[in-house]
Protein chains: 2
Amino acid sequence: MKYIEKLRNSGLRPTKQRLQICEVLFDVDETFHFTIYDLAKKIKKKHNNKISLATVYNTVHAFEKKGYLKQIPINSNQTYFDTNVSDHHHFYDLSEEKLIDLKNSDVGPINIKKKIDGKKIKSVEVLVKLED
Amino acid sequence: MKYIEKLRNSGLRPTKQRLQICEVLFDVDETFHFTIYDLAKKIKKKHNNKISLATVYNTVHAFEKKGYLKQIPINSNQTYFDTNVSDHHHFYDLSEEKLIDLKNSDVGPINIKKKIDGKKIKSVEVLVKLED
DNA sequence: AAAGTACTTTATAATGATTCTAAACAAGTG
DNA sequence: CACTTGTTTAGAATCATTATAAAGTACTTT
């Protein structure tokens, strides 16, 4: 199984549940955005078994910490994640409440001129809100 | 009272509670970031009376809809608001969990090259995450 | 392979922010 | 003042997320 090593490298034991979650998240042609609830539904559909919500939360957070997933900064009642962990940005369609990827090359270079002493920049994320 | 007209113009009745909230939010030299809970505490301290949390929520959301407040897109368990409604951006200091304003002039111009049919851009917000 | 340990999963309970409800109240209008 | 409409309120309800602790599984050591 191709995800066993990925998990091992992160100090996570390759359990049946984690492997199933990996398949849903990473065994696809295109990256996608999801909430925990979405993901739980997808797993149930694909593998025809239910993984405890607590496990889905734990695993997603472990993956996020390891850099396999990214949290998307957006104001919503639910937390959105992205399987696209490359440096990129987002449109947020307000009327449809949907996220759309914005490739890095679709946004001109961003120059942050202000510096904060003793801190370094970890990420620069742009959220472009869309209305009709 | 200087906020009465502001409220009236927005179709909001100038009630005692709304005026008190206005004073806490807008009667200050510098703009600031806050959560609903922060705001409720500030009101209690400044006016020495308690406004129902439900009212604080209602009023903040009404103000946000009218453009008197801005929601800050950030992943946190609580929603952050900003009394600075001008076009600007934010640093988010991950270790101190604190927001810092980034003036528009501190960020080079942002050029969004991709267009979505039938949608127009409402806002462009940059979140710069800081680590130690 | 058995035994021991450390990590995982799970159902369920707990938490905490936010929203809803419906009754009491205040503001605006004639 | 009488009337309508908007507002406030405490408390209940909701919903995402986190904590708990018991049962299960993976890995290591013999």
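Model, not experiment: these values are computed from the prediction.

What counts as what
Residues numbered from 1 in each chain as written. Chains lettered and ligands numbered in written order. Predicted model: local features only at pLDDT ≥ 70, side-chain atom pairs only at ≥ 80, totals over all residues. Heavy atoms only, no water. Phe/Tyr/Trp six-rings, centres within 6.5 Å; stacked < 30°, edge-to-face > 60°. Helix = DSSP H or I, 4+ residues; strand = E, 2+ residues; numbered from the N terminus. Buried < 20%, exposed > 50% of the residue type's maximum accessible area, 1.4 Å probe, protein only. Salt bridge = Lys/Arg side-chain N within 4 Å of Asp/Glu carboxyl O. Pairing = 2+ DSSP bridges. 1 Å grid on protein atoms, 1.4 Å probe; cavity = no way out; pocket = protein on both sides within 12 Å on 5 of 7 lines; lining within 4 Å. Points joined across faces, edges and corners; volume = space filled by probe spheres on them. Nonpolar A, V, L, I, M, F, W, Y, C, P; charged D, E, K, R; others polar. Domains from an automatic or database assignment. Near = heavy atom within 4 Å. Polar contact = N/O pair within 3.5 Å; in protein donor to acceptor, adjacent residues only side chain to side chain.

Visitor: Please clarify how the packing of aromatic side chains should be interpreted in this entry.
Guide: Ring pairs (aromatic) are described by centroid distance and by the angle formed between their planes. Residue and element names in this part refer to chain A. For the coordinates displayed, the defined rule picks out ten aromatic pairs over all chains. Here the aromatic rings of Phe 26 and Phe 63 are separated by 6.0 Å at their centres, their planes lie at 45°, and the arrangement is tilted. Placement of the pair is Phe 26 in helix H2 (residues 16-26) and Phe 63 in helix H4 (residues 53-66), with a sequence separation of 37 residues. A residue is classified by how much of its surface remains accessible, and Phe 26, at 19% relative accessible area, is buried. Since its relative accessible area comes to 0%, Phe 63 is described here as buried.

Visitor: What am I meant to see in the pattern of salt bridges here?
Guide: Two side chains with opposite charge may pair up if their charged atoms get near one another. The full count for this structure, using the stated rule, is twelve salt bridges over all chains. Between Asp 132 of chain A and Lys 119 of chain B there is a salt bridge, with the nearest N and O atoms lying 2.5 Å from each other. A residue pair is termed interchain when its members come from two chains, as with Asp 132 of chain A in the segment after strand E6 (120-131) and Lys 119 of chain B in the loop between strand E5 (98-102) and strand E6 (120-131). We classify Asp 132 of chain A as exposed; its relative accessible area is 55%. Where Lys 2 of chain B meets Asp 27 of chain B, a salt bridge forms, and the shortest distance between an N and an O atom there is 2.9 Å. Here the residue Lys 2 of chain B occupies a position in helix H1 (residues 2-9), and Asp 27 of chain B occupies one in the loop between helix H2 (16-26) and strand E1 (33-34), the gap between them amounting to 25 residues. Connected through salt bridges with shared partners, the residues Asp 93, Glu 96, Lys 98 and Asp 132 of chain A together with Lys 119 of chain B form a single ionic network.

Visitor: Explanation requested: the sheet that holds strand E3 (residues 80-82) of chain B in the structure shown.
Guide: Pairing between the strands of a sheet comes from backbone hydrogen bonds, and it takes one of two forms, parallel or antiparallel. All names here are of chain B. On the basis of which strands lie adjacent, the open sheet formed by three strands has the order E1-E3-E2 and antiparallel pairing. Both edges of this open sheet fall to E1 and strand E2 (70-72), since each of them pairs with a single strand only. Across two bridges, E1 lies against E3 in antiparallel orientation. What sits directly across from Phe 34, in E3, is Phe 81.

Visitor: Honestly, empty space enclosed by the protein in this entry has me stumped. Any pointers?
Guide: It is the rolling of a water-molecule-sized probe over the atoms that shows where space remains empty. Taken as a whole and assessed by the stated rule, the structure comprises two cavities of 30 Å³ or more. By volume, the largest cavity is sized at about 90 Å³. Around the largest cavity, the lining residues are Lys 70, Ile 72, Pro 73, His 88, His 90, Glu 125, Val 126 and Leu 127 of chain A together with Pro 73, Glu 125, Val 126 and Leu 127 of chain B. Of all the elements in the fold, those that place two or more residues in the lining of the largest cavity are strand E2 (70-72) and E6 of chain A together with E6 of chain B. Computed from the structure, the second largest cavity encloses a volume of approximately 60 Å³. In this structure, the second largest cavity is lined by Lys 70, Gln 71, Ile 72, Pro 73, His 88, His 89, His 90, Glu 125, Val 126 and Leu 127 of chain B. Looking at the lining of the second largest cavity, the elements that each hand over two or more residues are E2, strand E4 (89-93) and E6 of chain B. Along the lines of polarity and charge, the residues of the lining of the second largest cavity split into four nonpolar, four polar and two charged. Of the domains in this structure, domain 1 (2-81) and domain 2 (86-130) of chain B are the two that each give at least three residues to the lining of the second largest cavity.

Visitor: Would you explain the protein's contact with DNA strand D in this entry?
Guide: For DNA strand D, the set of nearby residues contains 19 residues, the closest of which are Arg 8 and Tyr 57 of chain A together with Thr 15, Gln 17 and Arg 18 of chain B. At the protein interface, 81% of the atoms of DNA strand D within 4 Å belong to sugar or phosphate. Between DNA strand D and Lys 50 of chain B there is a distance of 3.4 Å, counted from a phosphate oxygen to a side-chain nitrogen or oxygen. Within the contact set of DNA strand D, a phosphate oxygen lies 2.9 Å away from a side-chain nitrogen or oxygen of Thr 55 of chain B. Among the elements of the structure, H4 of chain A together with H2 and helix H4 (53-66) of chain B are those that each provide at least two residues to the surface near DNA strand D. Per element, the largest residue contribution to the surface near DNA strand D is three residues, and it comes from H4 of chain A.

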